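Chain by chain, the residues:
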Amino acid sequence: MAQLLTETENAQYVHQALSSVDLTGKRVLALIPDRTRTAPIPLMFREVCASLLGKVKTLDFMVALGTHAPMTEKDILDHIGITKEQKDNQYRDVQLLNHIYNDPGQLVSIGQLTEDDVEEVSNGLFRMAVNLTINKAVFEYDHILIIGPVFPHEVVGYSGGYKYLFPGISGPEIIDFFHWLGAVITNPKIIGVKRTPVRDVVDMAGSRVPIEKSCFAMVVDKAGLAGIFFGSPEDAWSQAADLSSKLHVKYVRKPYRQILSCAPTMYDDIWVAGKCMYKLEPVLAEGGTLIIYAPHIEEVSYTHGRILDEIGYHVRDYFVSQWDRFKNYPWGVVAHSTHVKGSGSFENGIERPRANVVLATQIPKERCNKINLGYIDYREIEINEFMNKEDEGILYVEKAGETLYRLEE
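What comes next is a walk through the structure. If you're wondering where the values come from, they're calculated on a predicted model, not measured in any experiment. Chains are numbered independently. Their residues run from 1 in the order of the written sequence. Reporting of local features is limited, given that this is a predicted model, to residues whose pLDDT is at least 70; pairs of side-chain atoms are given and counted only at 80 or more, and all residues count toward the totals for whole chains, interfaces and linings. Only heavy atoms go into the side-chain values, all of them from the structure, while hydrogens and water stay out.

1. A closer look at helix α3 (residues 73-80)
The classification of residues rests on relative accessible area computed with a 1.4 Å probe and restricted to protein chains. Under 20% of the type maximum is buried, over 50% is exposed, and intermediate values are partly exposed. Secondary structure elements follow DSSP: runs of H or I no shorter than four residues count as helices, runs of E no shorter than two count as strands, and numbering proceeds from the N terminus. The complete set of buried residues in α3 reads Asp75, Ile76, Leu77, His79 and Ile80. Buried-residue contacts for α3 involve β1 (27-32), α2 (41-52), β2 (58-63), α4 (84-88) and β3 (96-98). One or two residues past the end of α3 sits Gly81, with phi positive at roughly 80°. Any two residues whose heavy atoms approach within 4.5 Å at even a single point are treated as in contact.

Structural data, given as structure tokens:
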């Protein structure tokens, strides 16, 4: 385990970092993750406010939700670690904002990635123009302060940095494009790779937001904060990704035929609990079974469930081979489908996935069948039967979704 920072050390770093940037009299918008990311958000909220309130003209916080469901006021207050009374008194001048990605009234275009941009950044996989829309509220501020953790990520390689702008507070066009780009390249070739075509898309889009920006990029170990880096979104993210590659990647000698991947309660639907598959697909044996064990989950996706009921979960080539049938669905949802289902083939109308992905949740068997995923009654699972059986080809992961598993080379 890495040497962890104390709260005092972290607070000192935040204050020193923010004092190195001239924010006096400026309007500052801080972007934070929602509760599907492990990070010391209450500590960061408290210390950023202590550093900037009274110095800046405005300090507000926006939850960079991407396509995730909006948080209630109570959820946000719990997330940042304050009470309603504290909000109404100590932090009464701080606005707490949600981003809604599919509300045209919240969005404004800042231009586009041209066909030439897309062809270059995708290494020739796509040639198309992509509209860049972002939450128009950012133009009410002089400085954007990104605050977020960095982990291996299935779409972009490593999360964080400019990802808090795209998709964090962006519109659907760019979200759909780069998620599908990542799906076409595939999760095993993207996840845990620092420089990817998708990261290049995100950085290119983020650099075009014409507002001053800085970033706190955090690296979270199981028990606390192992590192924090401040600077431009590119530089802070780069340093954090380097540390994350050492802390969040676990190497094993051989693949497993069966994996029990336990979803933490911060994942409240399969849309986010899919990470329990993404991070473990590289060590699942051909034809193996991965069980997403999440007795608390009741829904496939609170935002995109209807669409997933229609298209189901399938391997990439199932969609690519029938693209005219699926091209008008949101590409980001199609991408999620392929990431959860995993690698495989589709030939002569027959789909052959590498993995057997099974849900052990409150989602009924009938719906699991409908969306083309396996089902097992979570009450029938004895966790002890999966523990300490690596030599038998069985892996138990207590808190899945943030540590990437890879085979030793």
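2. Notes on the side chain of Lys213
Within the secondary structure, Lys213 sits in strand β9 (residues 212-221). Neither His nor the chain ends contribute to the count of charged residues, in which Lys and Arg are positive and Asp and Glu negative. One speaks of a salt bridge when a side-chain nitrogen belonging to Lys or Arg is within 4 Å of a carboxyl oxygen belonging to Asp or Glu. Buried charge Lys213 goes without a salt bridge, the closest partner of opposite sign being Glu234 at 7.1 Å. We call two N or O atoms a polar contact when they sit within 3.5 Å, provided that within protein one can donate a hydrogen and the other can accept it, with sequence-adjacent residues counted only if both atoms are side-chain atoms. For Lys213, the side chain forms a polar contact with the main-chain oxygen of Val209, separated by 2.7 Å. A polar contact of 3.0 Å, which involves the side chain of Lys213, links it to the backbone oxygen of Ile211. Every residue in contact with Lys213, bar those within four places of it in the chain, is listed here: His143, Ile144, Tyr162, Leu165, Gly206, Ser207 and Pro233.

3. Quick word on the pattern of salt bridges
Counted according to the given criterion, the structure contains 25 salt bridges. Two residues, Asp78 and Lys74, come together in a salt bridge whose shortest N-O distance is 2.9 Å. With Asp78 and Lys74 both in helix α3 and four residues apart, this pair spans about one turn of that helix. By relative accessible area, Asp78 is classed as partly exposed at 47%. Residue Lys74 is classed as exposed on the basis of its relative accessible area of 56%. A salt bridge links Asp200 to Arg195; the nearest nitrogen and oxygen atoms lie 2.5 Å apart. Judged by relative accessible area, which is 30%, Asp200 ranks as partly exposed.

4. Digging into the pairing of strand β10 (residues 224-231)
Within β10, seven of the eight residues are buried, leaving the element largely enclosed by the surrounding structure. In the sheet, β9 pairs with β10 via seven bridges, with the strands oriented antiparallel. In the sheet register, Ala217 faces β10, and the bridge partner there is Phe229. For two strands to count as paired, DSSP must find a minimum of two bridges between them.

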